[in-house]
Amino acid sequence: MPVERVMKVAVGGSALFLALAASSPAAEQPRRVSFDTTDGGVIVADLYPGGAHGVVLAHGAVFDKESWSKQAVALVAEGLTVLAIDFRGYGKSQGGSARDDLSLDVLGAVAYLREQGAEQVSVLGGSMGAAASASAARRADVGSIHKLILLAPPPFGGAENLRATATLFVVSRGDGLRSSVEKHFEAAPEPKRLVVLKGSAHAQHIFKTGRGAELMSLLVEFLVEEPTQ
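No experiment lies behind these values; they were computed from the predicted model shown. (Residues numbered from 1 in each chain as written. Predicted model: local features only at pLDDT ≥ 70, side-chain atom pairs only at ≥ 80, totals over all residues. Heavy atoms only, no water.)

Moving on: the environment of Thr 209. Position of Thr 209 among the secondary structure elements: in the loop between β9 (192-197) and α6 (212-224). Separated by 10 residues in sequence, Thr 209 and Gly 199 have C-alpha atoms that sit 8.8 Å apart. (Helix = DSSP H or I, 4+ residues; strand = E, 2+ residues; numbered from the N terminus.)

Printed below as a string of structure tokens:
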């Protein structure tokens, strides 16, 4: 699939995403795009056009952008635009001067969707991607990230400084990271929510279990509902 470089398009709001969707032969077929990061990296991603609310999907260490394909299609069906990224060092994505700073990839994805006309941008990360998303949410400008979803993030610092209109933490009951996830939840600012699912599957692996549908329903509900204090 050819890679489409980022172009500034003079189309506002959801009109751009609707135009992209109309040009796609099927919703299941993403559009390959790439964007630059502030440290000079280049991140390749799959864009699933939908509505004016964009969602960045940030994968775990043993996954890649394609691992989100089923979830991406489900989110598009709910009227959301999805951007599933390959972190630097994965696929054809390359880092810049800050070689290991994955949060720059997430911030670049948020900026990309904003530049393309997204009115809101939320971020969903699993495991390694959740930690990178949390780091991005600490560094992002206020209002830049709408909803933040962290699937079983490994320990990270500064949970009290997460900047999002609402944050959802999800972890399995038997996940070895449950205790640290609960501590991050306690430290995070309101509004926030913690969901502990049955089982022991970790982050994106939950989608492969009997709890996958439950998790998907939870994510959709959280993304589309209005945040409350």
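Let us look at the packing of helix α2 (residues 69-77) against α6. Remark: α2 packs on α6, axes separated minimally by 11 Å, with the N-to-C direction vectors making an angle of 40 degrees. What the angle tells us is that α2 and α6 run oblique. Crossing handedness for the pair α2 and α6: right-handed. Contacts between α2 and α6 involve Gln 71, Ala 74 and Leu 75 from the former and Met 216, Val 220 and Leu 223 from the latter. Residue composition of the contact of α2 with α6, by class: 5 nonpolar, 1 polar and no charged. (Axes fitted to C-alpha atoms, helices over the stretch in contact; angles between N-to-C directions. Parallel < 35°, antiparallel > 145°, perpendicular 65-115°, else oblique. Left-handed = near helix turned anticlockwise from the far one by under 90°. Contact = heavy atoms within 4.5 Å. Nonpolar A, V, L, I, M, F, W, Y, C, P; charged D, E, K, R; others polar.)

Bringing the nonpolar core into the picture now. Counting 67 residues, the largest nonpolar core has Leu 57, Leu 83, Ile 85, Leu 151, Leu 162 and Leu 215 as its most contacted members. The element that contributes the greatest number of residues to this core is α6, accounting for 7 residues. In contact with Leu 57, other than residues within four places in its own chain, are Trp 68, Ala 72, Leu 75, Val 82, Leu 83, Ala 84, Ile 85 and Leu 124. (Core = buried A, V, L, I, M, F, W, Y, C linked by side-chain atoms within 4.5 Å. Buried < 20%, exposed > 50% of the residue type's maximum accessible area, 1.4 Å probe, protein only.)

Right, let's get into the packing of aromatic side chains. Taken as a whole, this structure holds 3 aromatic pairs when the rule is applied. On the numbers, 6.3 Å between centres and 70 degrees between planes, the contact of Trp 68 with Phe 207 is edge-to-face. Taken as a pair, Trp 68 in the loop between β4 (53-58) and α2 and Phe 207 in the loop between β9 and α6 lie far apart in primary sequence, 139 residues in all. Each of the two residues, Trp 68 as well as Phe 207, counts as buried. A centroid spacing of 5.9 Å and a plane angle of 80 degrees characterise the contact between Phe 169 and Phe 185, whose relative ring orientation is edge-to-face. (Phe/Tyr/Trp six-rings, centres within 6.5 Å; stacked < 30°, edge-to-face > 60°.)

Everything listed here is a matter of geometry and, on its own, says nothing about what the molecule does.
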